[in-house]
Amino acid sequence: MNTFNQLCCTLALSSVLFAACNSTAQPVNTTTNKEVVTTKAAAQVAPATLTKGPKKGSRVLNSEVCMVNDAYMGKKQIEVPYKGDMFYGCCEMCVERIPKDETVRIATDPQTGAKVNKATAYIILLNEEGSVAYFANEKNYKDFVASHQ
């Protein structure tokens, strides 16, 4: 399967996971400021078309990405420390899943096919719906763009 098809499959899967994640509205305390965040609040940000903020193809802050759903949320997400790295999730399900499921902590760099730690990845906004792609570094992203023009 070529890189483009893999990226499309990843986007489809992340859409399904995002919908599943937002199906429960249980409050979660953040680890940084004890503010209560609900999945309902998260759902108000992600599914809507982005009208301001980063544009397609631009880098987004890791802290504003739900790494379970691979979705840019437009605001800081819940911190989930794991083995010295900081991952981010949008709801209680994500917070519980990140330490238990390696598949949500690792992505595949679209340029090299190498496994990438989402906590340290160079994250790019793919579309106005908030889907993201993880690259090992900025160079890989630039090489990817150059090879697909």
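Residues numbered from 1 in each chain as written. Predicted model: local features only at pLDDT ≥ 70, side-chain atom pairs only at ≥ 80, totals over all residues. Heavy atoms only, no water.

Q: What should I look at first to understand the overall build of the chain in this one?
A: Along the backbone of the chain there are 4 helices and 10 strands. Its helices and strands taken in sequence order, the chain reads α-β-β-α-β-β-β-β-α-β-β-β-β-α from the N to the C terminus. Considering the chain as a whole, with its 149 residues, one finds that 41% of them fall into the buried category. Here the contacts in the chain between residues at least 6 apart in sequence split such that 51% fall between residues at least 24 apart. (Helix = DSSP H or I, 4+ residues; strand = E, 2+ residues; numbered from the N terminus. Buried < 20%, exposed > 50% of the residue type's maximum accessible area, 1.4 Å probe, protein only. Contact = heavy atoms within 4.5 Å.)

Q: Even after reading the chapter, I still don't get the pairing of strand S5 (residues 78-82), so can you show me in this structure?
A: Across a regular strand the side chains alternate sides, sitting on one face of the sheet and then on the other. Relative to strand S6 (residues 85-89), S5 is paired through 5 bridges, and the arrangement is antiparallel. The partner of Tyr-82 across the bridge, within S6, is Asp-85. (Pairing = 2+ DSSP bridges.)

Q: Help me understand the pattern of salt bridges, please; the structure alone is not making it clear to me.
A: For side chains bearing opposite charge, pairing can occur when the charged atoms are close. A full pass over the atoms with the stated rule returns 5 salt bridges. Between Asp-70 and Lys-118 there is a salt bridge, and its shortest N-O distance comes to 2.7 Å. Here Asp-70 is found in the loop between strand S3 (65-66) and strand S4 (71-72), whereas its partner Lys-118 is found in the loop between strand S8 (115-117) and strand S9 (122-125), with 48 residues between them in sequence. Ionic pairing is found between Glu-138 and Lys-142, a salt bridge with its closest N-O pair at 3.2 Å. You can see Glu-138 and its partner Lys-142 sitting in helix H4 (residues 138-147), 4 residues apart, about one turn around the helix. (Salt bridge = Lys/Arg side-chain N within 4 Å of Asp/Glu carboxyl O.)

Q: Honestly, the pairing of S9 in this entry has me stumped. Any pointers?
A: Covered by surrounding structure in S9 are Tyr-122 and Ile-124 together with Ile-123 and Leu-125, the residues of both alternating faces. Sheet topology note: the S9/strand S10 (residues 132-135) ladder contains 4 bridges and is antiparallel. Among the inter-strand pairings, Ile-123 is bridged to a residue of S10, identified as Tyr-134. The turn linking S9 back onto S10 is made up of 6 residues, and Gly-130 within it adopts a positive phi angle of 105°.

Q: Sorry, what's going on with H4 here?
A: Three- or four-residue spacings in an α-helix give side chains the same orientation, since the helix completes a turn every 3.6 residues. Buried within H4 we find Asn-140, Tyr-141 and Phe-144. Buried residues along H4 cover an arc of 100° about the axis, so they all sit on one side. Seen from the buried face of H4, the exposed residues on the opposite side, beyond 90 degrees, are Lys-139, Lys-142 and Ala-146. Residue Asn-137 occupies the N-cap position of H4, its side-chain oxygen lying 3.2 Å from the main-chain nitrogen of Lys-139. (Arc of directions from axis to C-beta. Polar contact = N/O pair within 3.5 Å; in protein donor to acceptor, adjacent residues only side chain to side chain.)

Q: Would you explain the environment of Val-80 in this entry?
A: Tracing the backbone shows Val-80 in strand S5. For Val-80, a relative accessible area of 5% translates into the label buried. Once the C-alpha coordinates of Val-80 and Ala-119 are considered, the two residues, 39 residues apart in sequence, prove to be 9.9 Å apart. Residues within four places of Val-80 in sequence aside, it is in contact with Asp-85, Met-86, Phe-87, Gly-89, Val-95, Ile-98 and Pro-99.

Q: How do you make sense of the confidence of the model for the chain when you look at a structure like this?
A: Across the chain, the average pLDDT comes to 78, with 66% of residues at or above 70. Note on residues 11-20: pLDDT is under 50 here. Beyond four places in sequence and across chains, it has 12 contacts. In the model, residues 23-50 has pLDDT below 50 throughout and makes 51 contacts with residues more than four positions away in sequence or in other chains. (pLDDT = per-residue confidence, 0-100.)

Q: I'm lost on the packing of aromatic side chains in this one. Help?
A: The geometry of two aromatic rings is summed up by the distance between their centres and the angle between their planes. In the structure shown here, the tally under the stated rule is 4 aromatic pairs. On the numbers, 6.5 Å between centres and 65° between planes, the contact of Tyr-82 with Phe-87 is edge-to-face. Centroid distance Tyr-122 to Tyr-141: 6.1 Å. Interplanar angle 35°. Geometry classified as tilted. Of this pair, Tyr-122 sits in strand S9 while Tyr-141 sits in helix H4, placing them 19 residues apart in sequence. Across the pair, exposure class does not vary: Tyr-122 and Tyr-141 are buried alike. One aromatic cluster in this structure is built from Tyr-122, Phe-135, Tyr-141 and Phe-144. (Phe/Tyr/Trp six-rings, centres within 6.5 Å; stacked < 30°, edge-to-face > 60°.)

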